[in-house]
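Per-entry structural report
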Amino acid sequence: MISVAVKVETECGTCRMPMPVNTLAREVGCQSCGRTTSIGGEVWQALLRDAVYEGPKMLRNEGRRRRAGKVSATFSRRGPCCQGCERELSAASILEVRDQAMLRCERCAQLTWVRKVTAELTGALPNITHLVGEDPDPLALTPALAAEAATFPCPQCGSPVPFDGVNRACTCRFCSASVHVPDEFVYRGRRKVAASWFLCFHRSIVDGAPAPVAVAAGLFDWEELPEVVLDTIGNLYCATTQLHWVAGRNGDPKKIVDHVVWSIDSSLNVRWIQRNWSKAGRLVLFPDDTLLVIGDEQSAPAWLSCKAGTPAGEVIATAEQIAADVLDCDHSTRDRDGSLLVQKSGMLRRISPSGAQIPVWPNGAPWDEATESAEPDGEDEQPPQVTLQISAKGMLLVTRGDNPSRAWLPFDAGTPVDEGGSAAGEGARDLGRREGIPLLPQLLKLQQVAASGVEIPGGPEHAPGHGDEVDDADAARDSDAAAEDASDPFSWSLHKFPGRSEHFGMNSARVDCGPDGSIFLREADGLTRFDASGRKVYHVSFPHDDAVLARHAFGADSSGDSYMLGDGQLVRVGATGARSVVLRADRDRLPRENMRIKVSPDGTFWLFGERGLAWRFDSGGRLLFASEKEPRPRKPTYSELLQQKRDASQKAFQAQMAAAQAEAQRMVDEAVEREALVQRRSNRIGCVLWVVFAIALSLFFVWDKL
């Protein structure tokens, strides 16, 4: 049995509150103000037209949207199910219902109302036999099925006070206080939410859906580059813009633009489709099996279930906040914990899945182990020009020779700086990571000098009592400024990455996250990888190529391998920094200009181009799938529709000419027939006259003889 799930919502005409329409009825009551809103038959026909006539042709879990006035409807091809546990109901039990009945779910025991389509609705719902899952008719309910009253806290004792959604004056059963129900609880004791109800087709209706394979279903039919994300098991989520040409009412070619969001599995079988969507600007995948679809500024973001593609019902404010941050940025990437690293104007921020800002580096900022542990060795390696000064109150001033900025650290000469209990040691370690200088070894030397009272010859360091004292007012002021700068964990500059290239600005870099927790710093001249702890693993130099900084020109797998798309080739950088060319344009005809790459955790990767082109490769670069080689449904082009109109016009003209000729010939034939008829009549009259004349002449001769 074919069935289509329908979910309808509207707006109350009185209080303007959202109102679910969970039944096929001409009037629906508002749960906020209690007023009714009328929905005419023409509105219902406009809403359900596609569901009734296109339902059997839709793929399973394919969804579409439609709007008529203030009423909006979403419908998808799936079996009728229980509203509680979503277990699919038996088709045989539904078909047995002759009038109306309540079917009990075998899993959760929840009741579902089923009614047979009446003769009054048969004309509006052709081929529909049953309606399943609507809000039950009150006459069909028993008292035990009434909804339980909601509760709100008593303002006197805090105990729950029941509220049935009608009476505003209540009495607390614990403290006997008279309670006036707040406005936010009025008429909301039994608030309903929009739920799906189902149109069940007659058993004679044949399934007209295309093949469930993605190419045969017409999903690889985009014009512009699609927005694509991959999950950990290889499921592909894609937002595309499809262009179709259809014949209009007068036969002129009419362009239909459809924005589609869909998902397929690793075998290219369709999991779900959502049509008639607003154009998606970004797709963000979260670890709780939800997909955030971010549109443009005119369309609101939406959460979709990764499993079924239906709205996930998340708080819209969260989606709007994340969408605003992602759209208003230069680049964004998702970490393995589901948080987003958002990059704008050379600064990084991290956003949690709930939309809140969290520290950029909760486990410590990226650092270079080789730089931190480096010691001056020999005459060729000169120590960084760093000046260490001690104030009278024991504050340590760190001044870098080529950097006018200063930093203050608390200093205790009695605590070894190379042990964990030293605040100066920890501060020097963190500062050295950010500035890219071996500060901790020099601080250790300074402490040794302070203990021995001997100054290091030729060194820039100054020990207490041996160097210049610093004014404590300046120390306090600079210390507060440094603390304020260091205390903001929600914003982090790309300049703080160790080993950062000095030839390019902050905007000529991108930060990406790998599925294993790695952090990748992409620049036009190279790639740097940091592991999950922030330790620098490698830096690989590339010829200057701005193409590698595109938003979809990079990908990484769970083993630490990364893929960079640009300069006419696809380069794989191993977990240790080894380079290898996977694809080359002059050899493999891929990659091409304006392409995107997505990498699965297992190392397989996708390349996407314009006009429905997509390729899938294994980790070794062997081609697994090419959309251009797969048969796809034929769709008419503008030229074909224009030629069809011309042919139809020519046929109509020829038919008109033939009709005119036939009419002219008919008129000629009628004229000839009329002339022949007149001639025959004339001949008859002549014959009659001759007969009369002959009779008269004969009578004359007879009379004459007599």
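Our structure is the block above this text.
Below or above, wherever it landed, is the structure these notes cover.

What counts, and where the lines are drawn
- Residues numbered from 1 in each chain as written.
- Predicted model: local features only at pLDDT ≥ 70, side-chain atom pairs only at ≥ 80, totals over all residues.
- Heavy atoms only, no water.
- Helix = DSSP H or I, 4+ residues; strand = E, 2+ residues; numbered from the N terminus.
- Buried < 20%, exposed > 50% of the residue type's maximum accessible area, 1.4 Å probe, protein only.
- Contact = heavy atoms within 4.5 Å.
- Areas by Shrake-Rupley, 256 points an atom, 1.4 Å probe, with all protein chains shown as cover.
- Core = buried A, V, L, I, M, F, W, Y, C linked by side-chain atoms within 4.5 Å.
- Pairing = 2+ DSSP bridges.
- Axes fitted to C-alpha atoms, helices over the stretch in contact; angles between N-to-C directions.

Considerations on the overall build of the chain
- Looking only at helices and strands, the chain has ten helices and 41 strands in total.
- Across the 706 residues that make up the chain, the buried fraction comes to 42%.
- Counting only contacts in the chain whose residues sit at least 6 apart along the sequence, the fraction spanning at least 24 positions is 49%.
- Summed over all atoms, the accessible surface of the chain reaches about 37300 Å², with 51% contributed by carbon and sulfur.

Some thoughts on the nonpolar core
- Formed by 29 residues in total, the largest nonpolar core has its most connected members in V6, V8, W44, L131, W197 and L199.
- Of all the secondary-structure elements, those providing two or more residues to this core are β1 (3-11), β2 (18-21), α1 (41-54), β6 (71-77), β9 (128-134) and β14 (197-201).
- Of all the elements, α1 adds the most residues to this core, at six residues.
- Setting aside residues up to four positions removed in sequence, L199 forms contacts with I2, S3, V4, V6, A51, V52, I128, H130 and L131.

Considering the sheet that holds strand β32 (residues 526-530)
- Ordered by their spatial adjacency, four strands build an open sheet running β30-β31-β32-β33, and the pairing between neighbours is antiparallel. With partners counted over all chains shown, the strands left at the sheet margins are β30 (509-513) and β33 (536-541), one partner each. Neighbour-to-neighbour, the strand axes of the sheet open up by a mean angle of 15°, direction not taken into account.
- With five bridges joining them, β32 and β33 adopt antiparallel strand pairing.

What to know about the sheet that holds strand β19 (residues 280-286)
- Read across the sheet, three strands follow the order β19-β20-β21 without closing on themselves; strand pairing throughout is antiparallel. Both outer strands of the open sheet, β19 and β21 (302-305), are each paired with one neighbouring strand and no more. Looking at each pair of strands side by side, their axes are set apart by 25° on average, direction ignored.
- Here strand β20 (residues 290-295) pairs with β21 via four bridges, running antiparallel. Each residue of the ladder has a partner; that of L292, found in β21, is W303.

Considering the pairing of β19
- The element β19 is largely enclosed, with a buried count of six among its seven residues.
- Here six bridges tie β19 to β20, and the two strands are oriented antiparallel to one another. The residue of β20 that forms the bridge with L285 is L291.
- Between β19 and β20, which follow one another and run antiparallel, lie three residues, and D289 among them has a positive phi close to 60°.

Quick notes on the pairing of β9
- Among the seven residues in β9, seven count as buried, and that is most of the element.
- Two elements, strand β8 (residues 111-116) and β9, share four bridges in a ladder whose sense is antiparallel. In the sheet register, V114 faces β9, and the bridge partner there is V132.
- Note: β9 against β14, four bridges, orientation antiparallel. If you follow I128 over to β14, its bridge partner there is F201.

Quick notes on the environment of H552
- Mapped onto the secondary structure, H552 falls in the loop between β33 and β34 (554-556).
- Note on H552: relative accessible area 7%, which makes it buried.
- Separated by 45 residues in the primary sequence, H552 and I597 place their C-alpha atoms 5.9 Å from one another.
- Discounting chain neighbours no more than four positions away, the residues touching H552 are E227, M595, R596, I597 and K598.

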